[in-house]
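Reading the structure
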Amino acid sequence: MKILSFAQAIEDAVNQAMADDPTVIIFGEDIHMIRRNLFLRFGGDRVRSTPISEASFVGAAVSASMAGLRPIVEVMLVDFIGVAMDALLNHAAKVETFSGGKWKAPLVVRAACGGGYGDGGQHQQTLWGWLAHIPGLSVVVPSTPADAGGLMLAAIEHDGPVIFLEHKMLADYWLDFMGAGNRKTVQFDVPPAGASGPVPATWQPTPLGKAAIRRQGDDLTIISIGVGVHRALEAADALAQQGVYASVIDLRTVAPLDKATICEMSAATGSVLVVDEDYEQFGLSGELAAVILEAGIPIKYRRVCTQETIPYARHLEDQILPNKQRIIDAALELSIG
Amino acid sequence: MKPDLWQLYKQMLRSRLFEEAVKRLWEAGKISGEMHLGIGEEAIAAGVISHLVEGDALALDHRGTPPLLMRGVDPLSILRELLGYPDGLCGGMGGHMHLFSPAHLAASSGIVGASGPAAVGFAIAAQQLRPGTVSVAFFGEGAANQGMMMESMNLAAAWKLPLLFVCKDNQWSITTVSEETTAGDLISRARSFGMPAIELDGNDVEAVWNAAGQAIADARNGLGPSFLYAQCSRPEGHLLGDMLLRLAERPLSLEMGRVLRWQVNSFLRRKGAPIRARATSARTIAALMAKVRGSRSAVAPDPVARLHQSLSTEGQRMAELTGEVVGEIEQILESALIPA
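Residues numbered from 1 in each chain as written. Chains lettered and ligands numbered in written order. Predicted model: local features only at pLDDT ≥ 70, side-chain atom pairs only at ≥ 80, totals over all residues. Heavy atoms only, no water.

1. Observations regarding the domain arrangement of chain A
All names here are of chain A. For chain A, the assigned domains are domain 1 (2–199) and domain 2 (212–332). Domain 1 and domain 2 are separated by 24 Å when their C-alpha centres are compared. The interface of domain 1 with domain 2 comprises 35 residues on the first partner and 25 residues on the second. Summing both sides of the interface, domain 1 and domain 2 together bury roughly 2,300 Å²; the carbon and sulfur share of this comes to 54%. Remark: the boundary between domain 1 and domain 2 carries three salt bridges. A salt bridge links Arg231 to Asp189; the shortest N-O distance between them is 3.5 Å. At the boundary of domain 1 with domain 2, the tally comes to 22 residue pairs in polar contact (both at pLDDT 80 or more). (Domains from an automatic or database assignment. Contact = heavy atoms within 4.5 Å. Buried area = accessible area lost by both parts, 1.4 Å probe. Salt bridge = Lys/Arg side-chain N within 4 Å of Asp/Glu carboxyl O. Polar contact = N/O pair within 3.5 Å; in protein donor to acceptor, adjacent residues only side chain to side chain.)

And the structure:
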């Protein structure tokens, strides 16, 4: 068993995919630096730096994928996907349907996401619910190195568009780039089990749409994704000391959603707490409630999400993003109420 | 018309010292997140901003601090914003990439290219509501490759909007050499929209002042937009703590040793590109590091130092002005650190 950081695990899986399949190429801004190890191994034809022209190069990734390549296209931060949204919303997501199922767009859009380092509301969003809202797009958000590599391989092999989001509290190079900048004077709440961990010697795809159960408990079911899973696990430890036992589900993919696991685990406790770093309104947290209710499962329900534009100031941001205390408070409300 | 070089120098020095203070606070961990400084762009900002009057609007990029300081936004409120205090310019909600001053019609954005459309909208409002006023877009040559920037140039020219596009060419799109991802040249690109485009040395504040004065006067008189293309430098990298800069300056440090080991391993791994392609990649990275080192060298152009040199024949006046600005910045710094 080897131990890799979250970022190394993704790169390891991409290395494997690129070595095995010459149609896998990477392009995006600053790729020769951000992916310089791949650039050195696979050369400038397969690892290309683009101009800052997201609308064009993400659109190009869609048609390149239709014409036989398997592009991994990078927009740095998911916030910047706004500039390229038409390519995803009206093209990548629609090709298969419009062509009567005859033409597919097997591309991966890779981006960093998430907050916790004081960079303001234009660089720290997660947006996975917003993206998953669009039929035809898959959205994956790993929380461990093993899932990061496995889901990246699955995303590359998938025959449709997949948005692959790596959280900056897990991917050390992004946190260094955006948050630390080589400073020793700033601290971040990095979940250790997410930042580094065991990975397989050879990567196998982690199936899209399959949640992982990270903890078992009889009193309530916490459903989360990304860094929220680690916050939920920390909260569950604290809750256990107060005699409240929580299950924690790591969705791993927002779309497709593992409805079977969600319903089974929710029915088991009858209490559901969603921990979602994405915006609260019209998003994943509401969708989860709908899925459970539509299945006829009566539940008590709470959610801990991001309710407004993420403030720049660290002390304000810390209150806005889902944190351990907010999760504990909501869980206690559920188990008492 | 001749510019008041002393006044311009004062603005530039103030901005430089302010941002150097910001850098120290950031390094001390008192300012969070990324920090993109406008050090190296002071002559461009000063030469343009000094022509603006009440009612003119500013669309800024991620290096918005110098233009805002020069436009008259309270430096203390900017600094307290960067420190995340509730009495900062934006209540601690914005940070350095999202500075807004409605009183100055000045708005920033961290999305590359966003100042183009923003300036167009400000110019439409100027045309409709405040005839004779103008709007200015500041952006880099990297942003010139955004579709929205080219669309904005088209729109501004087609509608003859009172707008000045100010393209600050520091040669870098984050860590990509802009030349390598830019086809044609930006002057011809701007001219193809039918607007005047002026190329100048962005380290020469007098040249900027002259060109901007003419372009802004034209815009006020209903003659439509212009494009100012000014070369400048980026000595602090894309942002503080810039990885490329670290790699270039301390290639043999412990941290970089780890980075380099991965690179060497990747270079040597089986399966992949032919050796010639790999060597090209290695040369590309080495060339970037050399270019970065060049931009940090003692002979690299510095707009503040350049003007200082030409004004320092009047030693007494220079000493007084320097003392005044240093004192102001020290006072701001002292007040900024008082807890809310």
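2. Some details on the nonpolar core
Core analysis: the largest hydrophobic core is formed by 63 residues, its most contacted members being Ile31(B), Val48(B), Leu79(B), Phe138(B) and Leu164(B). Of all the elements, helix H1 (residues 5–27) of chain B adds the most residues to this core, at 10 residues. Ala13(A), Leu77(A), Ile111(B) and Ile285(B) belong to the second largest nonpolar core, which has 61 residues in total. (Core = buried A, V, L, I, M, F, W, Y, C linked by side-chain atoms within 4.5 Å. Buried < 20%, exposed > 50% of the residue type's maximum accessible area, 1.4 Å probe, protein only. Helix = DSSP H or I, 4+ residues; strand = E, 2+ residues; numbered from the N terminus.)

3. Observations concerning the sheet that holds strand S6 (residues 138–140) of chain A
Residue and element names in this part refer to chain A. Taken in spatial order, the seven strands line up as S3-S2-S4-S5-S7-S6-S12 in an open sheet, and their pairing is mixed. A strand with exactly one partner marks an edge of an open sheet, and here the two such strands are strand S3 (47–50) and strand S12 (253–255). Averaged over neighbouring strand pairs, the angle between their axes works out to 20 degrees when direction is ignored. Relative to strand S5 (residues 108–113), strand S4 (residues 70–77) is paired through four bridges, and the arrangement is parallel. Residue pairing across strands places Val73 opposite Val109, the latter belonging to S5. Packing against the sheet, helix H1 (residues 6–20) makes contact with strand S2 (24–29), S3, S4, S5 and strand S7 (162–167), and its axis sits at approximately 135 degrees to S2. Packing against the sheet, helix H4 (residues 54–66) makes contact with S2, S3 and S4, and its axis sits at approximately 160 degrees to S4. (Pairing = 2+ DSSP bridges. Axes fitted to C-alpha atoms, helices over the stretch in contact; angles between N-to-C directions.)

4. Re the sheet that holds strand S11 (residues 246–250) of chain A
The pairing of strands in a sheet comes from backbone hydrogen bonds and takes either a parallel or an antiparallel form. All names here are of chain A. The strand order S9-S11-S10-S13-S14 describes an open sheet built from five strands, whose pairing is mixed. Strand pairing shows two members of the sheet lacking a second neighbour, strand S9 (212–215) and strand S14 (300–306), which therefore form its edges. Averaged over all neighbouring strand pairs, the angle between strand axes comes to 25 degrees, with direction disregarded. Pairing geometry for strand S10 (residues 220–224) and strand S13 (residues 271–279), over four bridges, is parallel. In the sheet register, Thr221 faces S13, and the bridge partner there is Val272. The strands touched by helix H13 (residues 284–294) within the sheet are S10, S13 and S14, with S14 carrying the most contacts at an inclination of about 160 degrees.

5. With respect to the environment of Asn221(B)
Mapped onto the elements of the fold, Asn221(B) is located in the loop between helix H8 (205–220) and strand S9 (226–231). Once the C-alpha coordinates of Asn221(B) and Pro162(B) are considered, the two residues, 59 residues apart in sequence, prove to be 8.2 Å apart.

6. A short note on the packing of aromatic side chains
Tallied over the full model, the rule gives four aromatic pairs over all chains. Both rings, one in Tyr173(A) and one in Trp174(A), keep their centres 5.4 Å apart while their planes meet at 35 degrees; by these two values the pair is tilted. Plain terms: the ring middles of Phe139(B) and Phe227(B) are 6.4 Å apart, the flat faces sit at 50 degrees to each other, and that makes the pair tilted. Remark: Phe227(B) occurs in strand S9 and Phe139(B) occurs in strand S4 (residues 135–140); sequence separation between them is 88 residues. Residue classification places Phe139(B) among the buried positions, given a relative accessible area of 1%. Through a chain of ring-to-ring contacts, the aromatic side chains of Tyr173(A), Trp174(A) and Phe177(A) assemble into a single cluster. The aromatic ring of Trp26(B) is capped on one face by Arg183(A), whose charged end is 3.7 Å from the ring centroid. Just above the ring of Tyr85(B) sits the side chain of Arg80(B); from NZ or CZ to the centre is 4.1 Å. (Phe/Tyr/Trp six-rings, centres within 6.5 Å; stacked < 30°, edge-to-face > 60°. Lys NZ or Arg CZ within 6 Å of the ring centre and 35° of its normal.)

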